[in-house]
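Structural overview for review
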Amino acid sequence: MVAMKGVLPVTSPMFVASVRLIPSGLILVAWALSKGRPLPKSAKAWTAVALFAVIDAAMFQGFLAEGLQRTSAGLGSVIIDSQPLTVAVLASIFYGETLGAEGVAGLALGVLGLLLLELPPEVLTSVVNSDGTEALSNVGFFDGNLWDSGEWWMLLAAQSMAVGTVMVRWVCKYVDPVMATGWHMALGGVPLLAYSLATEPELYSNMALSTTDVASLAYASIFGGAVAYGAFFYFANKGSLTKLSTLTFLTPMFASALGYFALDETLTPTQLGGAVVTLVGIYFVNT
């Protein structure tokens, strides 16, 4: 999160998203080939990879990059990594992973935490005062500002990631998990890069990246892409999706700390409270 946000001022969201995906995907494919892992061969295999690429790569990374430039790295990461709530519900529906009373309570706490995190103070005040019309207006339903909200883009990204996490077992029926991860990243980055090339030609004619910018992009691609994605989806094919996905909630703790030290970012007391409530909810879902 911090590495991506640092390079956005001199690039663009779609460029950063495509650079994070395509090189790291090709690295994973090359590594899988070196280990003798099989390439996708059947039509079903490539169809599964393509759908996986659209939802978990193109949509997730596109929404993430758009949201990251409109919100802080710490807050954005908290919202993104609330996706275990959605994973828990989908895993229960499709794979029979059960949620007890604590899990249901955790989901409720997670929703409350998200409201505290995502809604600005004036909206929360309107909700408390039962002025629903004013609350919706402040969120942006009436004045067209919803799509300018970084928190909204991050929420869309979280749902895309959750659906992608649940999809991985279906995809891995037809494709090796590491190979599927690599191909879905490489293919998913192509439409983002094409969109960037078509709509931002001036970006490429005037681009001047510093050594720090290149290092940030390399870190986001190699460690935030190839290493993290490869490990996550490899284990997502083997264990409990709900328990595995809750581990991603550790990310905001690191992102918030790095955002504080590297980017001078802060979270309001209400947002900090929302983060705590959401963390408690994730704990209940996991137990």
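Preceding this paragraph is the structure being described.
Predicted model only: the values in this text are computed from it and were never measured.

1. Notes on the overall build of the protein chain
Of the regular secondary structure elements, the protein chain holds 15 helices and zero strands. Put simply, the protein chain has 287 residues, and 50% of those count as buried. The long-range fraction of contacts in the protein chain, counting pairs at least 24 apart against all pairs at least 6 apart in sequence, stands at 87%. Per element, the accessible surface of the protein chain, about 13200 Å² overall, is 68% carbon and sulfur.

2. Overview of the packing of helix α2 (residues 13-34) against helix α12 (residues 211-236)
At a minimum axis separation of 8 Å, α2 and α12 run at an interaxial angle of 50°. As summarised for this structure, α2 and α12 are arranged oblique, according to the angle between their axes. The two elements α2 and α12 cross, and the hand of that crossing is right-handed. Each of F15, V16, V19, R20, P23, S24, I27 and L28 in α2 lies in contact with α12, whose residues at this interface are L217, A220, S221, I222, G224, G225, A226, Y229 and G230. Looking at side-chain class alone, the contact of α2 with α12 contains eleven nonpolar, five polar and one charged residues.

3. Comments concerning the packing of helix α10 (residues 177-199) against α12
Axis separation between α10 and α12 bottoms out at 9 Å; the angle between their running directions is 135°. One finds that α10 runs oblique with respect to α12. Here the hand of the crossing between α10 and α12 comes out right-handed. Two secondary-structure elements touch here, α10 through P177, V178, T181, H184 and M185 and α12 through G225, A226, Y229, G230, F233 and Y234. Across the contact of α10 with α12, the residue classes tally to seven nonpolar, four polar and no charged.

4. Quick look at helix α9 (residues 150-171)
Between its first and last C-alpha, α9 extends 30 Å over 22 residues, near the 32 Å set by a 1.5 Å rise per residue. The largest bend along α9 reaches roughly 25° and is located at T165. Burial analysis of α9 places 16 of its 22 residues in the buried class, the great majority of the element.

5. A few points about the nonpolar core
If you look at the biggest cluster of nonpolar residues, it comprises 54 residues, and the most contacted ones within it are V16, F60, L64, I80 and V168. Once residues within four sequence positions are removed from consideration, F60 is found in contact with I55, I80, A157, S160, M161 and Y229. If you look at the next biggest cluster of nonpolar residues, it comprises five residues, including L85, A88, I282 and V285.

6. Brief notes about the packing of aromatic side chains
Considering all chains together, one arrives at ten aromatic pairs under this definition. Pairing W170 with Y174 gives two aromatic rings, centres 6.0 Å apart and planes at 80°, and the pair type is edge-to-face. The exposure class of W170 is partly exposed, given its relative accessible area of 30%. Owing to a relative accessible area of 34%, Y174 belongs among the partly exposed residues under this scheme. Between the aromatic rings of Y229 and F233, the centroid separation amounts to 5.7 Å while the plane-to-plane angle is 50°, which identifies the pairing as tilted. Of the two residues, Y229 and F233 both sit in helix α12, four residues apart, roughly one turn of that helix. Residue classification places Y229 among the buried residues on the basis of a relative accessible area of 9%.

Calculation notes
Residues numbered from 1 in each chain as written. Predicted model: local features only at pLDDT ≥ 70, side-chain atom pairs only at ≥ 80, totals over all residues. Heavy atoms only, no water. Helix = DSSP H or I, 4+ residues; strand = E, 2+ residues; numbered from the N terminus. Buried < 20%, exposed > 50% of the residue type's maximum accessible area, 1.4 Å probe, protein only. Contact = heavy atoms within 4.5 Å. Areas by Shrake-Rupley, 256 points an atom, 1.4 Å probe, with all protein chains shown as cover. Axes fitted to C-alpha atoms, helices over the stretch in contact; angles between N-to-C directions. Parallel < 35°, antiparallel > 145°, perpendicular 65-115°, else oblique. Left-handed = near helix turned anticlockwise from the far one by under 90°. Nonpolar A, V, L, I, M, F, W, Y, C, P; charged D, E, K, R; others polar. Expected span 1.5 Å × (residues − 1). Bend = angle between axes of the 7 residues up to and from the residue. Core = buried A, V, L, I, M, F, W, Y, C linked by side-chain atoms within 4.5 Å. Phe/Tyr/Trp six-rings, centres within 6.5 Å; stacked < 30°, edge-to-face > 60°.

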